[in-house]
Amino acid sequence: MATKHEIGTRERIIQATSRLMQRQGYEATGLKEISREAEATLGSVYHFFPGGKRELAVEAVRHGDREFTELLRTVLGRVDDPAAAIIVCARDLSTGLRDSGWLDGCPVTTTALESAGRLPDIQRAAEEAFENWRGMVRDKLRRSGFDEDVAHDLAHTVINTLEGAEMSAQVSQSEAPLEIAGRHLARLIDSYR
């Protein structure tokens, strides 16, 4: 993994924003705090993001999308059976959450919920992330022989359930919600074969 100084200033700012908003939300995250966390000047933050915090929040959501996309791509590519892949995905999410001290839940949800109805550009970026994730699950199901309608509905159910289970695991500081969700999602997927 690259250190803060091995990646460019712009990317450090995006990563810091994503991490801070993931942990404390949009409203509680200030530009000065972002610049400190990114080890960048406030001038650099404004240079790269003249739209300020809203522009940064959109980029942070996109960064979160890329992070979860990479986890999904890895798991879905490594595990042939889609039901087993969802169990592994849920397990990986629970391990990451536990290892972060229950701080690093979904990098998109916190910011998206806080912006609902007020910041349409952030909401759009979040919906694009969710659709991207659903699309990856849907594609895996289609490649595994599920018809389009079933794959579509199951993909929505998988992503919605994992999102809710991750939030529940974070609140309860327990891996159980994600482990249970993974097992039951696998059973649901298997019931359509």
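What counts and how
- Residues numbered from 1 in each chain as written.
- Predicted model: local features only at pLDDT ≥ 70, side-chain atom pairs only at ≥ 80, totals over all residues.
- Heavy atoms only, no water.
- Helix = DSSP H or I, 4+ residues; strand = E, 2+ residues; numbered from the N terminus.
- Rg over C-alpha atoms; globule rule 2.2 N^0.38 Å.
- Buried < 20%, exposed > 50% of the residue type's maximum accessible area, 1.4 Å probe, protein only.
- Contact = heavy atoms within 4.5 Å.
- Areas by Shrake-Rupley, 256 points an atom, 1.4 Å probe, with all protein chains shown as cover.
- Lys, Arg positive; Asp, Glu negative; His and termini not counted.
- Charge placed at Lys NZ, Arg CZ, Asp CG, Glu CD.
- Core = buried A, V, L, I, M, F, W, Y, C linked by side-chain atoms within 4.5 Å.
- Expected span 1.5 Å × (residues − 1).
- Phe/Tyr/Trp six-rings, centres within 6.5 Å; stacked < 30°, edge-to-face > 60°.

Peer 1: How do you make sense of the overall build of the protein chain when you look at a structure like this?
Peer 2: A count of helical and extended segments in the protein chain gives 9 helices and 0 strands. In the protein chain, the order of α-helices and β-strands from amino to carboxyl end is α-α-α-α-α-α-α-α-α. Its C-alpha atoms give the protein chain a radius of gyration of 17 Å, within 12% of the compact-globule value 16 Å for 193 residues. Seen through its C-alpha atoms, the protein chain measures out along the principal axes to roughly 55 × 35 × 30 Å. Within the protein chain, the fraction of its 193 residues that count as buried is 46%. Put simply, 67% of the contacts in the protein chain that link residues at least 6 apart link residues at least 24 apart. Summing over all exposed atoms, the protein chain offers an accessible surface of approximately 9,400 Å²; the carbon and sulfur share of this is 51%. The positive charge centre, built from 25 side chains, and the negative charge centre, built from 31, are 3 Å apart in the protein chain.

Peer 1: Sorry if this is basic, but what is going on with the side chain of Thr 29 here?
Peer 2: For Thr 29, the position within the fold is in the loop between α1 (9-24) and α2 (31-38). In contact with Thr 29, not counting residues within four places along its chain, are Leu 20, Met 21, Gln 24, Ile 34 and Lys 53.

Peer 1: I tried to follow the nonpolar core on my own but got confused; where do I start?
Peer 2: If you look at soluble globular proteins, the nonpolar side chains tend to sit buried side by side. In terms of nonpolar packing, the biggest core is built from 46 residues, with Leu 72, Val 108, Trp 133, Leu 162 and Ile 189 touching the most fellow members. For this core, the elements supplying multiple residues, two or more each, are α4 (52-78), α5 (82-99), α7 (120-143), α8 (148-172) and α9 (176-191). Per element, the largest residue contribution to this core is 9 residues, and it comes from α7. Apart from the residues within four sequence positions on either side, Leu 162 is in contact with Cys 89, Ala 90, Leu 93, Leu 178 and Leu 185. The next biggest cluster of nonpolar side chains, apart from the first, holds 11 residues, and it includes Ile 13, Leu 31, Ile 34 and Ala 38.

Peer 1: For this particular structure, what's the right way to read α7?
Peer 2: Given 3.6 residues per turn, any residue in an α-helix points the same way as the ones three and four places further on. For α7, built from 24 residues, the straight-helix expectation of 34 Å at 1.5 Å per residue is met to within 8% by its first-to-last C-alpha distance of 34 Å. Note on α7: the residue one or two positions beyond its end, Gly 145, has a positive phi of about 100°.

Peer 1: I would appreciate a short explanation of α5 in the present structure.
Peer 2: With 18 residues, α5 extends 25 Å between its outermost C-alpha atoms, agreeing within 8% with the 26 Å of an ideal straight helix rising 1.5 Å per residue. Lining the buried residues of α5 we find α4, α7, α8 and α9. Positive phi appears at Gly 101, one or two residues downstream of α5, with a value of about 75°.

Peer 1: Explain the packing of aromatic side chains here, please?
Peer 2: Centre-to-centre distance and the angle between the planes together describe a pair of aromatic rings. The final tally for this structure, using the stated rule, is 2 aromatic pairs. Between Phe 130 and Trp 133, the ring centres sit 5.4 Å apart and the planes meet at 75°, which makes this aromatic pair edge-to-face. Of the two residues, Phe 130 and Trp 133 both sit in helix α7, 3 residues apart, roughly one turn of that helix. For Trp 133, a relative accessible area of 0% puts it in the buried group.

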